[in-house]
Structure formats: C-alpha cells, structure tokens
Amino acid sequence: MSLQNSKAADKFATFAAKMGAQIHLRSLRDAFATIMPLYILAGLAVLLNNTVFTWIFKGKTLLHVQYWGTLLSNATLNISGILIAAMIGYCLAKNRRFDNPISAALVSMSALVTMMPNTVKLIPDGAKKAVDVSAVLPFTNLGTGAMFAGVIVGLIATEAFVRISRIKKLQVHLGENVPPAVGKSFDVLIPMIIVLSCSAIISALLYNLSGMNLINLITTFIQEPLRHIGTGIWGVIILYSLGNLLWLFGIHQSVIYSSILEPLLIINITQNIAAYNAGKAIPNIINVSQVQTYGLMGGSGSTLCLLVATFLVGHSAVTKNVAKLSIAPGFFNINEPVIFGYPIVYNISLAIPFVLVPVMGLVISYVTTVLGWMSPCVIQVPWTTPIGFSAFLATAGDWRAVVIQLITFVLGVLVYIPFVMINDKVLSKENQGMDVKEA
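The structure displayed is predicted, hence computed values, not measured ones. Throughout this document, residue positions are counted from 1 along each chain, in the order its sequence is written. Predicted model: local features are reported for residues with pLDDT of at least 70 only, side-chain atom pairs are reported and counted for 80 or more only, and whole-chain, interface and lining totals are derived from all residues. Heavy atoms throughout the structure, all of them, feed into the side-chain values; hydrogens and water do not.

This next bit is on helix α2 (residues 23–56). The secondary structure listing takes helices from DSSP runs of H or I that are at least 4 residues long and strands from runs of E that are at least 2 residues long, numbered from the N terminus. The span expected for a helix works out to 1.5 Å for each residue beyond the first. Relative to the 50 Å expected for 34 residues at 1.5 Å per residue, α2 spans 49 Å between its end C-alpha atoms, a close match to the ideal helical length. For the purposes of these results, a polar contact is taken to be a pair of N or O atoms within 3.5 Å, where, inside protein, one atom must be able to donate a hydrogen and its partner to accept one; residues adjacent in sequence count only when each atom of the pair is a side-chain atom. The N-cap residue of α2 is Q22: its side-chain oxygen and the backbone nitrogen of H24 are 2.8 Å apart.

Structure below.
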C-alpha cells in the first residue's frame, strides 16, 4: 500500500504534527537550541584543557593555562540549570505571545533559586569530612544536576506567571508618561511577587517538614529514572527510530528528537563533560554526541551512506544527479536535498535502511564502548562536524572511535546498496508506466 494513501499513515502523521506543535515541547526544543552554543564552547574548553594544553605545557604553567578553560566551564556547564530555566521561561512566554518574555525568564530563574537549599554540605580544602555551609549556591545545584529541575520549575513558574500577569486587576499602570521599560516592569510587579512568594513558601514547607529540597527530589525521583529509561539503548533506539520514521511522511524528525530525546541526551553529555574535566569515570555511554556521531552520518537516516551507495550501484540518472548535488552538504550532515529530492519522503523503497542504518550505528558504538574498544563521547561537537572529525573530537582524540565510525559507515553503505537497486527498479517501472499512458 502506498504511504500517501494509507489511513494509518495519515493518522500517525497528524498525531506527530500535533505533538510537534505542542507549546511546552516546542518551548523545550527552542530553549535547548538557544543554549547549545554554550555547551559546545564548554566542550571545546574541556577538550583543550585535557588534551591540547597537556601536550604543550607542563607544571605550574599548565595549571595557569587550564584556568582559562575552568572559567569557561564555570560560565557555561556549571550554571546550566539556571541557564535552561531562564531560556525555558523566555521561550514559553514568547510562544504564549506574552509581551514581556524577559520578565518570565527572570521569574523562572529566581523560582529555581528559591527551590535550592540555604545550607549545603561542603568539604573544605584539606579536610576529610563535610561541614554545613550556609548562604552559598554550589555548582552542584546550579549546573548539570539541576537541569531537569530547571526544566520543570521553568515550565510551571512561567505558566503561572503568564496567566496571573494577564489579570488586569493585578497590573499596576503608571500612566503614559513613564518610560516603556519601567511601565512594563510595574505591570508584572504583583504577578512576580505572587509567583516567587508561592515558590518560596513551597520550598520552605518542604524543608521544614521533611528536611529536603525540590532540586534533590526532582533529580532523584524524576530526572534520573526518566533519563535512564529514555537514554537507555532501547529507549534511544525506539525514540530515534520514530523520529526518523516521521521523515517518510514529510515531518521533521525534530518533532520527537529535539522535543523529547535531545534534552535528555544533552543532560548526559554535560555530565560526561563535567566528569571528564574532573578526571572522574564517564557516567553515560549514550549522549547527544554519540547519537549524532554514529547515527547521523550525513544527516537523518545516515544518508551519506545512501549517496555513496547511489554512486556505486545506482543507474537512475535522476537519483545520481540528486546525489551529486547533495554530497557536499551531506559531508556536513545537511540532507534536506536528499530527503525531498531523492526523495525519502513517501518512498517506501528506502524506508527500511533509512531507519535501520542509524540504529546499527547506535548499537555498534554502544557495544564497542561497553567492550572498551573505544572511549565514550565526552565532548559536545557541532552536529555539522564531518564524519571522521566528529568521532575524533567527540571522544577527545581517540583514533579508535574514528576507525569504528568508518567501519559503521561502510556497513551502512552495504545496507543501502540493495535498496538503492530496488528503488531504481521502482523508478524504472514508474517511468515505463508514464510512457505507456502518454502513448
């Protein structure tokens, strides 16, 4: 049955489109996309600190130079919880068409801080036991450990703030003679007071009644279970395959990948970067760099493998011309010309390898990492990084990762070859049918 004429396919596509348009998922996707450059910068700083600088400098000079990378990590990775809360507040308010999204970002950020404990346990330099320290905000509560809390608090605080701000009786109007910025700030004064006061009350009650704080609760009972399920090998395979499957209906895979899976994968890579920077064991094999490096060779569906297979065995002049035009952007993982020109959309002949090849890459990279044949990905590299370079940079210079990526690429080409031949036969029959009709 043709995909275009399948009622089940239409229903699936409609459902996926609605999910992609869901305002909270869309805001989540926009927020993570906005702060992505900061994570790439953090990865670059960690890479230089732990590889390049160690080759060039020694002793105290190395420590002085590495201080630069530490400052960048502190300004990006170690405050990522605060950053994501602020950006979710801004993006959600903007998607709600709220006229003062900056104030929503401030409320989200402040609400997250109200949920943090006022007293924390820290180990002083030279000491063996932790002591209680008050009036401090450690990076453990501001950084990667608070990212999921930042997401939840940002969404809830912004929704409450935007709804309350639209109650006209709570707006303080100073007249038309005041500067616009001042007028806008007073319009949201009372809603801001209400939202932050309520969040502080919740945090105070939680601490006084149970001795716990919301950050730890969210991390322990929501973030970690959800992250382990969603970013386990089977969870990633299912979600990533569903995202690629959407392309067959002309729907961008970001509907599932960027909204649901990628935020969890980003949390994993930020934890890896922090662990690598601290010289600790790497906690997560599956992360955003691993998925992009081994499951995105040439773009969604690892279509660079398809292009090479087309050059090797393809006979259709149309697909070969598309391959010639697509090969240059394909090296940088940009494959819209393939998706819509080859095409992948509504092409059942290529559905199996388009979904299967990325899964194969994820499984191979996962298994080889578990077996110790390559290092885990510890650096977040831009998704446009070409094959070979991406594996080398993502693993902080492990040449074995490059070899495994190239082997995976060759296997992907071999998987695509029979389906390219099938696709050529389908195109040939379609062209013959058109010639008969014209005759």
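With that settled, the discussion passes to the packing of helix α11 (residues 233–247) against helix α12 (residues 257–278). Here the axes come from fitting lines to C-alpha atoms, over the contacting stretch only for helices, and the angles between their N-to-C directions go from 0 to 180 degrees. Where α11 meets α12, the closest approach of the two axes is 10 Å, and the angle between their N-to-C directions is 150°. When the axes of α11 and α12 are compared, the pair comes out roughly antiparallel. Note that α11 runs across α12; the crossing there is left-handed. Residues V236, L239 and Y240 of α11 lie in contact with α12, whose contacting residues are Y257, I260, L261 and L265. Basically, the charged four are Asp, Glu, Lys and Arg, the nonpolar ten are Ala, Val, Leu, Ile, Met, Phe, Trp, Tyr, Cys and Pro, and anything else, Gly included, counts as polar. Counted by class, the contact of α11 with α12 contains 7 nonpolar, no polar and no charged residues. Note on angle classes: values under 35 degrees are labelled roughly parallel, values over 145 roughly antiparallel, values of 65 to 115 roughly perpendicular, and the remainder oblique. By definition, any crossing whose near helix is turned counterclockwise from its far helix by less than a right angle is left-handed, and any crossing with a clockwise turn is right-handed. The contact definition used throughout considers only heavy atoms, calling two residues in contact when any of these lie within 4.5 Å.

The description of two packed helices rests on the angle between their axes and on the distance between the axes. Where helix α5 (residues 101–114) meets helix α7 (residues 147–165), the axes come as close as 8 Å, and the angle between the chain directions of the two elements is 130°. Between α5 and α7, the crossing angle belongs to the class labelled oblique. The way α5 lies across α7 gives a crossing that is right-handed. Judged by residue contacts, S103, A104, V107, S108, A111 and L112 of α5 engage A149, G150, V153, G154, A157, T158 and F161 from α7. Its residues placed into classes, the contact of α5 with α7 shows 8 nonpolar, 5 polar and no charged.

What follows is about the state of the cysteines. Only a pair of cysteine sulfur atoms within 2.5 Å counts as a disulfide in this structure description. One pass over the full model with this rule turns up 0 disulfides. The closest cysteine sulfur to the non-disulfide-bonded C377 is located on C305, 17 Å from its own sulfur.

Patches draw on residues past 30% relative accessible area with no salt bridge. Two like charges within 9 Å are joined, as are two nonpolar side chains (Val, Leu, Ile, Met, Phe, Trp, Tyr) within 5 Å. Per-residue accessibility takes into account occlusion by the displayed protein chains alone, with areas from the Shrake-Rupley method and a 1.4 Å probe. Any Lys or Arg side-chain nitrogen located within 4 Å of an Asp or Glu carboxyl oxygen qualifies as a salt bridge. Judged by side-chain polarity, W399, V403, I407, V410, L411 and L414 come together as a nonpolar surface patch covering roughly 580 Å² of accessible area. Within the element layout of this structure, V403 appears in helix α19 (residues 399–438). Its relative accessible area of 37% is what places V403 among the partly exposed residues. Any residue under 20% of the maximum accessible area for its type is buried, any over 50% is exposed, and the rest in between are partly exposed; the area is computed with a 1.4 Å probe on protein chains only.

Our next topic: the packing of aromatic side chains. Paired rings are identified among Phe, Tyr and Trp, the last through its six-membered ring, by centres lying within 6.5 Å, and are further divided according to the angle between planes into stacked (under 30 degrees), edge-to-face (over 60) and tilted (the rest). Under the criterion given, the structure shown has 5 aromatic pairs. Seen from their ring centres, F53 and F57 are 6.1 Å apart, and the 65° between their planes marks the pair as edge-to-face. Judged by its relative accessible area of 13%, F53 falls in the buried class. Residue classification places F57 among the partly exposed residues on the basis of a relative accessible area of 25%. With centroids separated by 6.0 Å and ring planes inclined at 65°, the aromatic side chains of F53 and W68 adopt a geometry described as edge-to-face. On the criterion of sequence distance, the pair formed by F53 in helix α2 and W68 in helix α3 (residues 59–75) is long-range, its members being 15 residues apart. Clustering of aromatic rings is evident, with ring pairs tying together F53, F57 and W68.

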